[in-house]
Amino acid sequence: MNLGLIYDNQGRVDDALRMKKRGLRGYRRMYGDGHLKVAMALSNVGICLGKKGQLERAMAKFEEAHAMYVGLYGEDHETVAMVLGHRANVLNDQGKFAEALAMHEKALAIRRRTLGSDHDDIASSLLNLGSGYDNLGMAEEALSRFEEGLGIMRRIHPEKTVLEGQFLDGIGHVYYAQGRLEDSLAWHHKAYRIYRKTLGAESAQAGRVKCRTAVALSRQGKVEEAIEKYEEALAIQRRALGDEHPDVALTLYNFGVCKEDAGDVEGAISCLREARSICRMRGVSHGVAGKVDDALARLGVGMEG
């Protein structure tokens, strides 16, 4: 399984999945179902399948792992909370935001009971919950979870961490939704500085926050600045994630809308068509996929165009 993790870290998802499946088969033969190593291997395969957009298959692996963890440790255990988080992430990717939120709440409750108040895993659950509420447009609830998680991270990690950057990024996104654009830009800039320090300027997280900065700049009417940020964000994300990642599709959608606003219809259609191609290839039909189709229809491009 270690080679699978190495491939995963290198972004070689197909190779990682092949090795993790091989490891799962080996553990099943060696230990039989119901063993901790089998449950862990199932979770690792599920994560890989999720990255490939094979969400139903990923969910099946997580559900099997969940049943094993409960059989081994009972309902109140960190491993159970962990796999509930994985299942919630799949639901989120499927656009089932309310179901995902309920599952993240359950995972957080387990972690509070088993880990206490200040712990990295509790902060991670709060980040997931904040993002879930943000997806549902529940800004105040999202902000509350992000601020609680940020407080935990700053108490237990005086040094800057990636997770702190993610909370700053999330708060900036909520501020954007509330129309607080200057605050949004300030918090995204704080997040970018942390990502650059902890992960490097070429990380996927740095690319994502640059995209969010571009969105805010565009809404302020600073189109030229926004286009420059989009170009930087897209280049970083392509290098970090590859050309077929959902985050690349989201940036292409936002970039296309920005180009449309700037009067560059041809450029907008090019971005949107590429975004639609990624969504179709990954079997995504909700969220950004619907927005892309609507934008193309607005520009006179049909479903087959």
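Here the structure is a predicted model, which means the values were calculated and not measured.

## A closer look at the overall build of the chain
Logical step 1: Helix and strand counts for the chain come out as 15 helices and zero strands.
Logical step 2: For 305 residues, the compact-globule estimate of 2.2 N^0.38 gives 19 Å, and the chain sits close to it at 20 Å.
Logical step 3: The buried share of the chain, taken over its 305 residues, is 45%.
Logical step 4: A fraction of 55% describes how many contacts in the chain between residues 6 or more apart in sequence connect residues 24 or more apart.
Logical step 5: Total accessible area on the chain is roughly 14300 Å²; 50% of this is exposed by carbon and sulfur atoms.
Logical step 6: Of note, the chain has its 43 positive side-chain charges centred 5 Å away from the centre of its 43 negative side-chain charges.

## A few points about the nonpolar core
Logical step 1: Counting residues in each nonpolar core, the largest one holds 30 residues, and the members touching the most others are Tyr-230, Leu-252, Tyr-253, Leu-272, Val-292 and Leu-296.
Logical step 2: Here this core gets seven residues from one element, more than from any other, and that element is helix H14 (residues 265–281).

## Some thoughts on the packing of aromatic side chains
Logical step 1: Under the criterion given, the structure shown has four aromatic pairs.
Logical step 2: Here Tyr-175 and Trp-187 contribute two aromatic rings whose centre-to-centre distance is 5.9 Å and whose plane-to-plane angle is 75 degrees, an arrangement assigned as edge-to-face. Here Tyr-175, found in helix H9 (residues 162–177), pairs with Trp-187, found in helix H10 (residues 181–198); they are 12 residues apart in sequence, far enough to count as distant. Residues Tyr-175 and Trp-187 agree in their burial class; the two are buried.
Logical step 3: If you follow Lys-210 out to its NZ or CZ, it ends over the ring of Tyr-192, 4.9 Å from the centre.
Logical step 4: Residue placement shows Arg-219 over the ring face of Tyr-176; its charged tip is 4.8 Å from the ring centre.

## Concerning helix H15 (residues 288–298)
Residue pairs spaced three or four apart in an α-helix point in one direction, given the helix's 3.6 residues per turn.
Logical step 1: By the burial criterion, the buried members of H15 are Val-288, Ala-289, Val-292, Ala-295 and Leu-296. Down the axis of H15, the smallest arc covering the buried residues is 125 degrees, so these residues share one side. Residues of H15 that are exposed and point more than 90 degrees away from the buried face comprise Asp-294 and Ala-297.
Logical step 2: Buried-residue contacts for H15 involve helix H13 (246–261) and H14.
Logical step 3: The first or second residue beyond H15 is Gly-300, which carries a positive phi of 85 degrees.

## Focus: the packing of helix H7 (residues 120–135) against helix H8 (residues 139–156)
Logical step 1: Taken N-terminus to C-terminus, the directions of H7 and H8 make an angle of 160 degrees; their axes are 8 Å apart at the nearest point. Classified by the angle their axes make, H7 and H8 are roughly antiparallel. Both H7 and H8 take part in a crossing whose hand is left-handed. For the pair H7 and H8, the contacting residues are Asp-120, Ile-122, Ala-123, Leu-126, Leu-127, Leu-129, Gly-130, Ser-131, Tyr-133 and Asp-134 in the first and Glu-141, Ala-142, Arg-145, Phe-146, Glu-148, Gly-149, Ile-152, Met-153 and Ile-156 in the second.
Logical step 2: Partitioned by chemical class, the residues of the contact of H7 with H8 number 11 nonpolar, three polar and five charged.

## A word on the pattern of salt bridges
Logical step 1: Applying the stated rule across the entire model yields 20 salt bridges.
Logical step 2: The partner of Arg-239 in a salt bridge is Glu-202, with the nearest N and O atoms 2.5 Å apart. Taken together, the residues span a long stretch of sequence, with Arg-239 in helix H12 (residues 223–241) and Glu-202 in the loop between H10 and helix H11 (204–219) at a distance of 37 residues.
Logical step 3: A relative accessible area of 42% means that Glu-202 is categorised as partly exposed.
Logical step 4: Measuring nitrogen to oxygen at the nearest pair gives 2.7 Å for the salt bridge that ties Glu-260 to Arg-298. Highlighted residues: Glu-260 in helix H13 and Arg-298 in helix H15, separated in sequence by 38 residues.
Logical step 5: Because the salt bridges share partners, they merge into one network encompassing Arg-28, Asp-33 and Glu-64.

Cut-offs used in this document
Residues numbered from 1 in each chain as written. Predicted model: local features only at pLDDT ≥ 70, side-chain atom pairs only at ≥ 80, totals over all residues. Heavy atoms only, no water. Helix = DSSP H or I, 4+ residues; strand = E, 2+ residues; numbered from the N terminus. Rg over C-alpha atoms; globule rule 2.2 N^0.38 Å. Buried < 20%, exposed > 50% of the residue type's maximum accessible area, 1.4 Å probe, protein only. Contact = heavy atoms within 4.5 Å. Areas by Shrake-Rupley, 256 points an atom, 1.4 Å probe, with all protein chains shown as cover. Lys, Arg positive; Asp, Glu negative; His and termini not counted. Charge placed at Lys NZ, Arg CZ, Asp CG, Glu CD. Core = buried A, V, L, I, M, F, W, Y, C linked by side-chain atoms within 4.5 Å. Phe/Tyr/Trp six-rings, centres within 6.5 Å; stacked < 30°, edge-to-face > 60°. Lys NZ or Arg CZ within 6 Å of the ring centre and 35° of its normal. Arc of directions from axis to C-beta. Axes fitted to C-alpha atoms, helices over the stretch in contact; angles between N-to-C directions. Parallel < 35°, antiparallel > 145°, perpendicular 65-115°, else oblique. Left-handed = near helix turned anticlockwise from the far one by under 90°. Nonpolar A, V, L, I, M, F, W, Y, C, P; charged D, E, K, R; others polar. Salt bridge = Lys/Arg side-chain N within 4 Å of Asp/Glu carboxyl O.

Read these as layout, nothing more, since geometry by itself doesn't imply function.
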